[in-house]
Amino acid sequence: MLTKRVVACFDVIAGRVTKAQQFQDNIDVAPAAELAQRLYADQIDEIVFYDITASAERRRIDLDTVRDVARHVFVPFTVGGGIRSIDDMYDVLKAGAEKISVDSMAVRDPDIIRQGAEAFGRQCIVLSTQVKHVGITDAIPSGYEVFIDGARRATGLDAIEWVRRGEELGAGEICVNSIDRDGTHSGYDLDVTAAVADAVNVPVIASGGAGTVEHIADGLSAGGASAAIISSILYSPRLERNLGVREIKDGLVARGVPVRPWIDDRDVAAAARP
Amino acid sequence: MIDVIDYRAGNAPSVLYALEHLGLSARVVSKPEEVAAATRIVLPGVGSAGATMASLEELSLVDALRARVLDDHVPFLGICIGLQVLFEHSEEGDVPTLGWLPGTVRRFPSTQRVPQIGWNGVRARRPHPLWNGLPETAHCYFVNSYYAVPADDTDTLGVTEYGVEFTSMVAHDNIAATQFHAEKSGRLGLTILRNFASWDGAPC
């Protein structure tokens, strides 16, 4: 049985993980490669890395940091931020990432989704989208609008129409980031997550707002998501207590969510040594 | 020395990093003369069967790989698309593939979210050196829309459920392959790579 994924998300500035609240007020946490190794040792299922200032600063993605993470982390690794072309995607994959996340750039030039899927396979392309509850109107029938550029710019696009189009163009996964919930530790926006999961047939990733194991379990069950992005709960200095991956997974299992089993030393103790 | 085949659609760097982490000598190769001298070969893969075959043909690697693997019997490990292209035909793009093993490649039923992305259990059907030290069921990381259907059931080493029970690991003489990404399957995946590095490729 396919298990649900717990995904650690890093917002990276100059090689260091930072933590923001509703896309603002970033505070420094740790070097990206160091935190990635710690979470890999703690058996995280996957890591997503956003170079959050690359796009705004109109510069290429920080490939040295991507490489640093990829060399020491043997679970899947997605990179986003500042991807503007197929060549940028190829550079990131060559540096050791498995998947490319496109967001604001895909809104400006949706064809980049199709080009990426054609060149590297649709499993490589994650369409990440920042959504905000704006109320139902003729232009926004779902009540959720797509925003870009760090949630600063409204696009006039309906979230559900946009993710459907992204799937048609070739996105292999859809990540739904709730702007309203980002950094609030009040839980994912289950309504929009479930609406997206119903609208597409590719896996959906819940993002923005997880503060407790209960929230993660809700995103993966009521929200219909295949994966849940977490960050604060793992490492934010703003929270009184952070949780380890094992504690989170034990909590998910207790709530009936299937996860990758914990690997004990004895599980691989008999493995052949060179 | 492990030679990891590099082509534009592949993910050779991830495999190389994993082998280096295990302290194994490895390099990426993309020339037929390098393949002709290889003593242990990994064919990684992401993307589509058609794009993979086109890249292998463009780099003139198809004949070189066939000679080294089928005639000279060097130990071979295919990963993901590197498993699918071992068979004769893929539904993905309706393309002929390497045809080293009898069988075809089919798409997952539409009742499932496709691609399958995530950690799923692999159950070994019989003992094999690649499975040394692993539990009976090991969770490994999959990313696939298609799966292999070997014509010869004895070529299936491991099975996994995703709407259907499918072949997630293949072993035939000196040829082994994983549908999952062993290089991204944490400690259990690294154990499989370590096992491959010490396997003599003898049939079992």
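**As for the overall build of chain A**
1) Next: Counting its secondary structure elements, chain A contains 11 helices and 12 strands.
2) Next: On C-alpha atoms alone, chain A measures out to a radius of gyration of 18 Å, which is about the 19 Å that the 2.2 N^0.38 rule sets for 274 residues.
3) Next: Projected onto its principal axes, the C-alpha positions of chain A cover 60 × 40 × 35 Å.
4) Next: The buried share of chain A, taken over its 274 residues, is 56%.
5) Next: Taking as baseline every contact in chain A between residues at least 6 positions apart, the subset at least 24 positions apart corresponds to 61%.

**Some points on the overall build of chain B**
1) Next: Check the secondary structure of chain B and you find 6 helices and 13 strands.
2) Next: For chain B, the C-alpha radius of gyration of 15 Å lies close to 17 Å, the compact-globule estimate for 204 residues.
3) Next: Taken along its principal axes, the extent of the C-alpha atoms in chain B is 45 × 40 × 30 Å.
4) Next: Taken across its 204 residues, chain B has 58% of its residues classed as buried.

**Section: the confidence of the model for chain B**
1) Next: A residue-level look at chain B finds 99% of positions with pLDDT of 70 or above and a mean pLDDT of 95.
2) Next: With a pTM of 0.95, the predicted complex shows an ipTM of 0.94.

**Some points on the nonpolar core**
1) Next: F10, I47, F49 and A228 of chain A are the most contacted members of the largest nonpolar core, which has 160 residues in total.
2) Next: Not counting residues up to four positions away in its chain, the partners in contact with F10 of chain A are V17, A32, L35, I47, V48, F49 and Y50 of chain A.

**Some points on the confidence of the model for chain A**
1) Next: The predicted model of chain A averages 92 in pLDDT, with 95% of residues at 70 or higher.
2) Next: Confidence over residues 270–274 of chain A falls short of pLDDT 50; this stretch has 13 contacts with residues more than four positions distant or in other chains.

**Some details on the packing of helix α6 (residues 159–169) of chain A against helix α7 (residues 190–199) of chain A**
Residue and element names in this part refer to chain A.
1) Next: Contact geometry for α6 and α7: axes closest at 10 Å, N-to-C directions at 35°. Two packed elements cross with a definite hand, and for α6 against α7 that hand is right-handed. For the pair α6 and α7, the contacting residues are A159, I160, V163 and R164 in the first and V192, A195, V196 and A199 in the second.
2) Next: Considering only residue class, the contact of α6 with α7 consists of 7 nonpolar, no polar and 1 charged.

**A word on helix α3 (residues 86–94) of chain A**
Residue and element names in this part refer to chain A.
1) Next: For α3, every residue scored as buried is listed here: D88, M89, V92 and L93. Mapping the buried residues of α3 onto a view down its axis gives an arc of 135°, with all of them on the same face.
2) Next: Against α2 (63–70), β5 (77–80), β6 (99–102) and α5 (111–120) lie the buried residues of α3.
3) Next: Immediately beyond the C-terminal end of α3, within one or two residues, lies G96, with a positive phi of roughly 115°.

**Considerations on the pairing of strand β8 (residues 116–124) of chain B**
Residue and element names in this part refer to chain B.
1) Next: In terms of burial, β8 is a largely internal element, 7 of the 9 residues being buried.
2) Next: Looking at chain direction, β8 and strand β9 (residues 137–144) are connected through 8 bridges and run antiparallel. Residue R123 lies in a different strand from β9, and its bridge partner there is T137.
3) Next: Pairing analysis gives 2 bridges linking β8 to strand β11 (residues 156–162), with the strands arranged antiparallel. Within the sheet, the bridge partner assigned to R123 lies in β11 and is V159.

**Quick notes on α6 of chain A**
1) Next: Of all the residues in α6 of chain A, the buried ones are A159, I160, W162, V163, G166, E167 and L169 of chain A.
2) Next: Just past α6 of chain A, the residue G170 of chain A takes up positive phi, approximately 130°.

**Describing the environment of R59 of chain A**
1) Next: Residue position: R59 of chain A is located in the loop between β4 (46–51) and α2.
2) Next: Residue classification places R59 of chain A among the exposed positions, given that 11 C-beta atoms sit within 10 Å.

**A word on the environment of Q37 of chain A**
1) Next: Assignment of secondary structure puts Q37 of chain A in helix α1 (residues 32–41).
2) Next: By C-beta crowding, Q37 of chain A is classed as partly exposed, having 16 other C-beta atoms within 10 Å.

Rules of the game
- Residues numbered from 1 in each chain as written.
- Chains lettered and ligands numbered in written order.
- Predicted model: local features only at pLDDT ≥ 70, side-chain atom pairs only at ≥ 80, totals over all residues.
- Helix = DSSP H or I, 4+ residues; strand = E, 2+ residues; numbered from the N terminus.
- Rg over C-alpha atoms; globule rule 2.2 N^0.38 Å.
- Buried ≥ 20, exposed ≤ 12 C-beta atoms within 10 Å, placed from the backbone.
- Contact = placed C-beta atoms within 7 Å.
- pLDDT = per-residue confidence, 0-100.
- Core = buried A, V, L, I, M, F, W, Y, C linked by C-beta atoms within 7 Å.
- Axes fitted to C-alpha atoms, helices over the stretch in contact; angles between N-to-C directions.
- Left-handed = near helix turned anticlockwise from the far one by under 90°.
- Nonpolar A, V, L, I, M, F, W, Y, C, P; charged D, E, K, R; others polar.
- Arc of directions from axis to C-beta.
- Pairing = 2+ DSSP bridges.

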